[in-house]
Amino acid sequence: MKTLSNQAVGTAHGKLILIGEHAAVYNEPAIAMPFLAAPVEVRVEQIQGDSQLMSSYYKGLVDTVPDNLLNLKTLIETVCVDLGKPSDSLSLSISSLIPPERGMGSSAAVATATVRALFAFFERSLEQETLIKYVDISEKIAHGNPSGLDARVTGSRQPLYFKKSCPYQPISLELDGYLVAADTGVKGQTRQAVEGVAQQLKQSYVRTKKLICHIGKLSEAAKLAIEEEQLRQLGALLTEAHACLKELNVSSDKLDLLVETALKHKALGAKLTGGGRGGCMIALADTAEQAQTIARELMKSGAVETWIHALGED
Ligand code: MEV
């Protein structure tokens, strides 16, 4: 492969859903924050020959990507067609610190960085709405029926209060507390989890709808607790949301174990984050020391990686 000099870079980052996952699909509110510790970069370069994709899990022609990257193939082709540019002779190199399939928004972040890189490469300006339109296309292929939350937060540097039918609201999460995130090491299954909730809604409508609406109420209350800097109240709401998600069958034994471990070690609240059925959980702590203890205990209970994020800081 011969690389020509012309190149451009697009970036994005992972996300953590504080509260409201799954309910967000049904137009209930949710709160999510950018997870800047997990960045992704896509570099587009001019090459001779057919377009290529370089990533840690696939290296080869864009034309022959595996099924789980079909969203990216469609995205690249759609952007190029819309910009009136050929989609061959491109090399796209993805480098990502977002653990894939862990509910941290890896697919939306890679799509966001790809669109940014392609627009920069073709020297076109990119409006936020256009970016989101393309990432939504990619996310629909990747996840079936996404709420659009991941598409919005992986390209934003601010936490968002999100309700599908309304314009999203950037919010401040300036709290005197710490969020510990932990990876179960088990691949999450967002598509299957979302489909599972849809199935449950068909089978036991009243009970499932009640749970979904209740999560929405918890998200509203969480927004208020954040505005009033009520960290303990926020923690209690997170734990209650986890109980609802468990009832929706999107938790797992390992997620439940990590949530219990965090609570046992004085987390103010804990819950799974993202699609569930594997992936990650979060715990809220009031001091850095407490956050470190929780992170240590989570590792002892089987987490494969933890991150501590001081709320209110980048
Ligand atoms: C996935 O990160 C969050 C879900 O609520 C799905 C969605 O909102 O698209 C499970």
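Cut-offs applied
- Residue positions within a chain follow its written sequence, with the count starting from 1.
- Whole-chain, interface and lining totals are the exception, using all residues; otherwise, since this is a predicted model, local features are given only for residues with pLDDT of at least 70 and side-chain atom pairs are given and counted only at 80 or more.
- Just so you know, side-chain values use all the structure's heavy atoms and leave hydrogens and water out.
- By definition, any uninterrupted DSSP run of H or I lasting at least four residues is a helix, any uninterrupted run of E lasting at least two residues is a strand, and each is numbered from the N terminus.
- Both definitions apply: the radius of gyration is a C-alpha atom measure, and the globule rule equals 2.2 Å times residues to the power 0.38.
- We call a residue buried when its accessible area falls under 20% of the maximum for its residue type, exposed when it is over 50%, and partly exposed in between, using a 1.4 Å probe and counting protein chains only.
- Nearness is judged by heavy atoms alone; a residue qualifies as near a molecule or strand once a single heavy atom is within 4 Å of it.
- Think of a polar contact as two N or O atoms within 3.5 Å of one another; within protein, one of them needs to be a possible hydrogen donor and the other a possible acceptor, and neighboring residues in sequence only count if both atoms come from side chains.
- Note that accessible areas follow from Shrake-Rupley with a 1.4 Å probe, and for residues the cover is restricted to the protein chains shown.
- Here a cavity denotes grid points, spaced 1 Å and computed from the protein atoms alone, that fit a 1.4 Å probe unable to get out, and a pocket denotes an open set having protein on both sides within 12 Å along at least 5 of 7 lines; residues with an atom within 4 Å of a point are the lining.
- Each molecule is assigned to a cavity or pocket provided more than half of its atoms lie within 2 Å of the corresponding grid points.
- To count toward a patch, a residue needs a relative accessible area above 30% and no salt bridge. Like charges then connect within 9 Å, nonpolar side chains (Val, Leu, Ile, Met, Phe, Trp, Tyr) within 5 Å.
- One side-chain nitrogen of Lys or Arg within 4 Å of one carboxyl oxygen of Asp or Glu is enough to make a salt bridge.
- When charges are counted, Lys and Arg contribute as positive and Asp and Glu as negative, whereas His and the chain ends are disregarded.
- In plain terms, the charge of a residue is placed at NZ if it is Lys, CZ if Arg, CG if Asp and CD if Glu.
- One requirement defines pairing of two strands: DSSP has to find at least two bridges between them.
- To get an axis, fit a line to the C-alpha atoms, keeping to the stretch in contact for a helix; angles then go from 0 to 180 degrees between the N-to-C directions.
- Angles below 35 degrees are treated as roughly parallel, those above 145 as roughly antiparallel, those between 65 and 115 as roughly perpendicular, and all remaining angles as oblique.
- Two helices cross in a left-handed way if the nearer one is turned anticlockwise from the farther one by less than a right angle. They cross in a right-handed way if the turn is clockwise.
- A contact between two residues is defined here by any heavy atoms of the two lying within 4.5 Å.
- Gly is put with the polar residues, along with every residue not named as nonpolar or charged; the nonpolar set is Ala, Val, Leu, Ile, Met, Phe, Trp, Tyr, Cys and Pro, and the charged set is Asp, Glu, Lys and Arg.
- What is meant by a nonpolar core is a set of buried Ala, Val, Leu, Ile, Met, Phe, Trp, Tyr and Cys residues, joined one to another through side-chain atoms within 4.5 Å.
- An automatic or database domain assignment provides the domain bounds reported here.
- What gets called buried area is simply the loss in accessible area from a 1.4 Å probe that two parts show on being joined, summed for both.

1. A look at the overall build of the protein
Regarding its fold elements, the protein presents nine helices and 11 strands. The C-alpha atoms of the protein give 20 Å as radius of gyration, which agrees with the globular expectation for 314 residues (20 Å, within 12%). Taken along its principal axes, the extent of the C-alpha atoms in the protein is 60 × 45 × 35 Å. Put simply, the protein has 314 residues, and 54% of those count as buried.

2. Observations regarding the site of the ligand
Surrounding the ligand, one finds K15, I17, E21, H22, V25, P146, S147, D150, T190, V194 and G275. Between the ligand and K15, the relevant distance is 2.9 Å, taken from an oxygen atom to a side-chain nitrogen or oxygen of the residue. A distance of 3.0 Å is found between an oxygen atom of the ligand and a side-chain nitrogen or oxygen belonging to D150. When isolated, the ligand has an accessible area of 290 Å², and the protein chains bury 96% of it. Assessed atom by atom at 2 Å from the grid points, the ligand resides in the largest pocket.

3. Thoughts on a negative patch on the surface
A cluster of acidic residues, E174, D176, E229 and E313, forms a negative patch on the protein surface. For E174, the location among the structural elements is in the loop between β7 (169-170) and β8 (178-183).

4. With respect to the pairing of strand β5 (residues 90-96)
Taken together, the seven bridges between strand β2 (residues 30-47) and β5 define a ladder with antiparallel strand orientation. Following the sheet pairing, E41 is matched in β5 by S95. Of the pairings in the sheet, the one linking strand β3 (residues 52-54) to β5 comprises three bridges and is parallel in character. Its bridge partner lying in β5, L53 is registered against L92.

5. Concerning the packing of helix α1 (residues 70-83) against helix α2 (residues 106-121)
Interhelical geometry of α1 versus α2 gives an angle of 25 degrees and a closest axis separation of 10 Å. Taken together, the axes of α1 and α2 are roughly parallel relative to one another. Our pair here, α1 against α2, has a crossing hand that is right-handed. Contacts between α1 and α2 involve N71, L72, L75, I76, V79 and L83 from the first element and S107, V110, A111, T114, V115, L118 and F119 from the second. Looking at the contact of α1 with α2 residue by residue, the classes come out as 10 nonpolar, three polar and no charged.

6. Points about the nonpolar core
Counting residues in hydrophobic clusters, the biggest one holds 92 residues, and the most contacted among them are L53, M281 and L298. It is α2 that contributes the most residues to this core, 10 residues altogether. The residues that make up this core include at least three from each of domain 1 (2-169) and domain 2 (174-310). Look past the residues within four positions of M281 in its chain and what remains in contact with it is V180, A181, A182, L255, L258, V259, A262, A270, K271, L272, T273 and L298.

7. Here's the deal with the sheet that holds strand β9 (residues 269-273)
Whether parallel or antiparallel, the strands of a sheet pair through hydrogen bonds between backbone atoms. In space, the four strands of this open sheet follow the order β9-β10-β8-β11, with antiparallel pairing throughout. For this open sheet the edge positions go to β9 and β11 (305-310), each flanked by a neighbour on one side alone. When strand polarity is set aside, the average angle formed by the axes of neighbouring strands in this sheet is 20 degrees. On top of the sheet, helix α8 (residues 253-264) reaches β9 and β10 (280-285); it is set at about 160 degrees to β9, its chief contact.

8. Some points on the domain arrangement of the protein
Taken as a whole, the protein is organised into domain 1 (2-169) and domain 2 (174-310). When each unit is reduced to the centre of its C-alpha atoms, the spacing between domain 1 and domain 2 is 25 Å. Every contact between the two is made by 29 residues of domain 1 and, on the other side, 39 residues of domain 2. At the boundary of domain 1 with domain 2, total buried surface from both sides reaches about 2900 Å², with 67% on carbon and sulfur atoms. In terms of surface lost to domain 2, no three residues of domain 1 exceed H22, Y26 and R102, which account for 25% of the buried area on that side. Counting the contacts that link domain 1 with domain 2 gives three salt bridges. Linking E101 and K187 is a salt bridge whose minimum nitrogen-to-oxygen distance equals 3.9 Å. The set of elements that each furnish at least two residues to the side of domain 1 that touches domain 2 consists of β1 (3-19), β2 and α3 (128-143). Among the elements that take part in the side of domain 1 that touches domain 2, β2 stands out by supplying five residues, more than any other. Partitioned by chemical class, the residues of the side of domain 1 that touches domain 2 number 17 nonpolar, seven polar and five charged.

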